[in-house]
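Below, each chain spelled out in residue letters.
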Amino acid sequence: MSVIQLPGTGGELHAYTPRSESLVRAAGAPFTSRTVFSAAHVVADPYADVSPDSAAAVDWDATLAFRRHLWSHGLGVAEAMDTAQRGMGLDWAGAAELIRRSAAEARAVGGRIACGVGTDQLAGGSPAEIRKAYEEQLALVEESGAQAILMASRALAAAATGPEDYLEVYGQLLRQSSEPVILHWLGPMFDPALEGYWGSSDLDAATEVFLQVIAAHPDKVDGIKVSLLDARREIAIRRRLPQGVRCYTGDDFNYPELIAGDEQGFSHALLGIFDPLGPLAAEAVRALDTGDVQGFRELLDPTVELSRHLFQAPTRFYKTGVVFLAWLAGHQSHFTMVGGLQSARSLPHFARAYELADGLGLFPNPELAETRMRTMLSLYGVAR
């Protein structure tokens with residue numbers, strides 16, 4: 001392959017020689033030591049005549065094909081999460097259709113699926129109205145046959161006057177859920193509207209309320225997903241969970257150490273970064289299944305630089321890099337996103353994402369990835 005000129009953050013170009021081979025491995029045996037979900041992105045329909053304010057137009061064939069790709073490598077799919085641009089282009093009607101279609105596809109191919117339950121059909125409302133919105137979405141997810149993930153609610157963050165409102169809303173939801181759910185604590189670095197969740201901006205106080213919800217209903221909580229990008233806090237919470245309640249790390253900065261664990265326990269995973277890392281992450285977990293912690297870390301530790309790059313502030317725009325890599329990898333034929341979010345990152349950001357992903361051998365067809373990267377550069381006026 002020839003040298004490609006990539007722009008840096010200062011506008012300068014530097015020469016990069018792409019890899020000539022892929023390190024993507026074929027699918028293997030099911031995981032035995034960890035439960036691992038990838039929060040999967042949606043593929044927009046590039047031919048739809050829509051604006052950023054329109055309802056999302058989704059390419060359902062490509063979207064479901066990507067989920068089959070993840071399932072084929074043994075990963076579960078966490079559906080209709082913020083990775084799918086929920087609340088950033090994908091509204092509740094679109095998310096509901098996504099849940100129905102993906103859950104049906106999971107049944108057809110034997111894939112594991114859990115789906116997000118939120119309140120995004122509301123712009124605001126009282127705690128009682130917010131609870132009813134949660135209930136509507138919970139019913140749809142349970143009817144689809146998927147596990148429910150109770151996501152953080154922007155409406156509840158705005159309406160709650162203190163911890164009691166969270167205890168009341170979540171308590172009622174857990175009492176009526178038919179199967180154990182996953183509770184998701186999404187931090188404000190992912191969504192600024194969630195500042196002060198669980199009734200306080202003091203994370204120590206918020207943690208106590210979060211743990212109080214779990215302790216009151218341990219039989220209805222399969223696990224928790226912690227997305228605070230704070231490894232020490234996740235470990236501290238993990239060590240205080242009731243027996244049988246799992247911790248699914250949502251920390252896209254520190255996931256190797258959290259999944260590997262320590263003498264007092266470990267985290268399972270529900271990660272947005274496992275969208276582009278799917279095959280490599282699967283290979284790493286299979287090493288862990290054999291007790292090979294060193295092999296697991298040797299495979300996964302080098303991916304952290306890419307993950308930290310994609311999830312750099314403003315973190316909520318990490319989805320743009322995830323979809324960009326899916327395009328380079330050949331999982332979709334275009335780089336278009338619902339809500340026009342393909343414009344949310346800069347050309348130097350894309351160039352560095354390409355360089356890091358290529359260096360890891362993530363692209364099934366490195367030549368295709370290089371060709372598409374050159375196309376992107378030409379669109380921005382970078383001479384070949």
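Before reading further, recall that the structure is shown in the block above.
Sequence order as written defines the numbering, with residues in each chain counted from 1. Confidence filtering applies because this is a predicted model: local features only for residues at pLDDT of at least 70, side-chain atom pairs given and counted only at 80 or more, and all residues used for totals across whole chains, interfaces and linings. Computation of side-chain values covers all heavy atoms of the structure but excludes hydrogens and water.

A. Region of the structure containing the side chain of lysine 319. Within the secondary structure layout, lysine 319 lies in helix H12 (residues 318–328). When neighbours within four sequence positions are excluded, lysine 319 is seen to be in contact with Asp82, Thr83, Gln85, Met88, Met337 and Leu341. Helix numbers and strand numbers start at the N terminus; a helix is a DSSP run of H or I with at least 4 residues, a strand a run of E with at least 2. Pairs of residues are marked as contacts when any of their non-hydrogen atoms sit within 4.5 Å.

B. Inspection of the sheet that holds strand S6 (residues 147–150) at higher detail. One bridge is not enough; two strands pair if DSSP finds at least two bridges between them. Around the barrel, which closes on itself, the 8 strands sit in the order S3-S4-S5-S6-S7-S8-S9-S10 with parallel pairing between neighbours. Within the sheet, the average angular offset between the axes of one strand and its neighbour, ignoring direction, is 25 degrees. Angles run from 0 to 180 degrees between N-to-C directions of axes, and those axes are lines fitted to C-alpha atoms, restricted for helices to the stretch in contact. Contacts from helix H2 (residues 92–109) reach strand S4 (76–79) and strand S5 (113–117) within the one sheet, and its direction differs from that of S5 by about 165 degrees.

C. The arrangement of the packing of aromatic side chains in detail. Any two rings among Phe, Tyr and Trp, with Trp reduced to its six-membered ring, count as a pair given centres within 6.5 Å; such a pair is stacked if its planes are under 30 degrees apart, edge-to-face if over 60, and tilted if neither. Evaluated as defined, the whole model comprises 20 aromatic pairs. Between the aromatic rings of tyrosine 134 and tyrosine 170, the centroid separation amounts to 6.0 Å while the plane-to-plane angle is 55 degrees, which identifies the pairing as tilted. Here tyrosine 134, found in helix H3 (residues 127–144), pairs with tyrosine 170, found in helix H5 (residues 163–176); they are 36 residues apart in sequence, far enough to count as distant. Considered together, tyrosine 134 and tyrosine 170 belong to a single accessibility category, that of buried residues. Relative to tryptophan 198, the ring of tyrosine 170 lies with its centre 4.7 Å away and its plane at 40 degrees, an arrangement referred to as tilted. Residue tyrosine 170 is found in helix H5, and its partner tryptophan 198 is found in the loop between strand S7 (181–186) and helix H6 (203–216); the two are separated by 28 residues along the sequence. Between buried and exposed lies partly exposed: a residue is buried under 20% and exposed over 50% of the maximum accessible area for its type, with that area taken using a 1.4 Å probe on protein chains only. On the basis of relative accessible area, tyrosine 170 is assigned to the buried category, the value being 1%. Both a distance and an angle decide whether a charge sits over a ring: NZ of Lys or CZ of Arg must be within 6 Å of the ring centre and within 35 degrees of the ring normal. Taking NZ or CZ as reference, arginine 34 lies 3.5 Å from the ring centre of phenylalanine 266, over its face.

D. Inspection of empty space enclosed by the protein at higher detail. Put simply, the grid is 1 Å and covers the protein atoms alone, a cavity is a trapped set of points that fit a 1.4 Å probe, a pocket is an open set with protein on both sides within 12 Å along at least five of seven lines, and lining residues have an atom within 4 Å of a point. Grid points are joined across faces, edges and corners, and a volume is the space filled by probe spheres set on the points. Taken as a whole and assessed by the stated rule, the structure comprises 2 cavities of 30 Å³ or more. Considering only enclosed or pocket space, the largest cavity measures out at about 60 Å³ in volume. If you go around the largest cavity, you meet 13 residues; those closest to its centre are Asp82, Phe190, Lys225, Asp252 and Tyr318. Split into classes, the residues belonging to the lining of the largest cavity amount to 6 nonpolar, 4 polar and 3 charged. We call Asp, Glu, Lys and Arg charged. Ala, Val, Leu, Ile, Met, Phe, Trp, Tyr, Cys and Pro are nonpolar, and the rest, Gly among them, are polar.

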